[in-house]
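Chain by chain, the residues:
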Amino acid sequence: MAPLCAKCVEDVADQLSGAARARGMRWAEAVHKKAPAPRPWPAYDGRAADIARRKVAGLSTHDLVLELLAQACWSEAGRRWGQVTRAR
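Residues numbered from 1 in each chain as written. Predicted model: local features only at pLDDT ≥ 70, side-chain atom pairs only at ≥ 80, totals over all residues. Heavy atoms only, no water.

Remarks on helix α2 (residues 46-56)
So, point 1. For α2, the complete set of buried residues consists of Ala48, Ala49, Ile51, Ala52 and Val56. Down the axis of α2, the buried set is contained in an arc of 160°. They therefore lie on one face. In α2, those exposed residues whose orientation departs by more than 90 degrees from the buried face are Arg47 and Arg54.
So, point 2. Those residues of α2 that are buried lie in contact with α1 (6-34) and α3 (63-86). (Buried < 20%, exposed > 50% of the residue type's maximum accessible area, 1.4 Å probe, protein only. Helix = DSSP H or I, 4+ residues; strand = E, 2+ residues; numbered from the N terminus. Arc of directions from axis to C-beta. Contact = heavy atoms within 4.5 Å.)

Now the structure itself:
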């Protein structure tokens, strides 16, 4: 795989971020169905980061792009979590 410049990494991540965010929304909704307790969404580290990375693994083969997508997925999951737990 050819290396990508920083601008290209950003551009590719921007193009794929909608898919990553959609996966994050579905993740939060699935967690809410199983455990609807209104607790904070976990920080982006450890298990939560690993799960986010798995959620976006098929979107790119570039490690830096995948990390940005995982962060977008996690961030959107946290936003959606706040919505679904407030709605109760």
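Let's talk about the layout of surface pockets
So, point 1. The calculated volume of the largest pocket comes to roughly 180 Å³.
So, point 2. The greatest single-element share of the lining of the largest pocket, amounting to 3 residues, is contributed by α2.
So, point 3. The class makeup of the residues in the lining of the largest pocket is 8 nonpolar, no polar and 2 charged. (1 Å grid on protein atoms, 1.4 Å probe; cavity = no way out; pocket = protein on both sides within 12 Å on 5 of 7 lines; lining within 4 Å. Points joined across faces, edges and corners; volume = space filled by probe spheres on them. Nonpolar A, V, L, I, M, F, W, Y, C, P; charged D, E, K, R; others polar.)

With respect to the packing of α2 against α3
So, point 1. Taken N-terminus to C-terminus, the directions of α2 and α3 make an angle of 110°; their axes are 8 Å apart at the nearest point. In this view, α2 runs roughly perpendicular relative to α3, as classed from their interaxial angle. Our pair here, α2 against α3, has a crossing hand that is right-handed. Counted together, Ala48, Ala52, Arg53, Lys55 and Val56 of α2 and Leu66, Glu67, Leu69, Ala70, Cys73 and Trp74 of α3 form the full contact between these two elements.
So, point 2. Along the lines of polarity and charge, the residues of the contact of α2 with α3 split into 8 nonpolar, no polar and 3 charged. (Axes fitted to C-alpha atoms, helices over the stretch in contact; angles between N-to-C directions. Parallel < 35°, antiparallel > 145°, perpendicular 65-115°, else oblique. Left-handed = near helix turned anticlockwise from the far one by under 90°.)

All we've got here are geometric facts, nothing functional implied.
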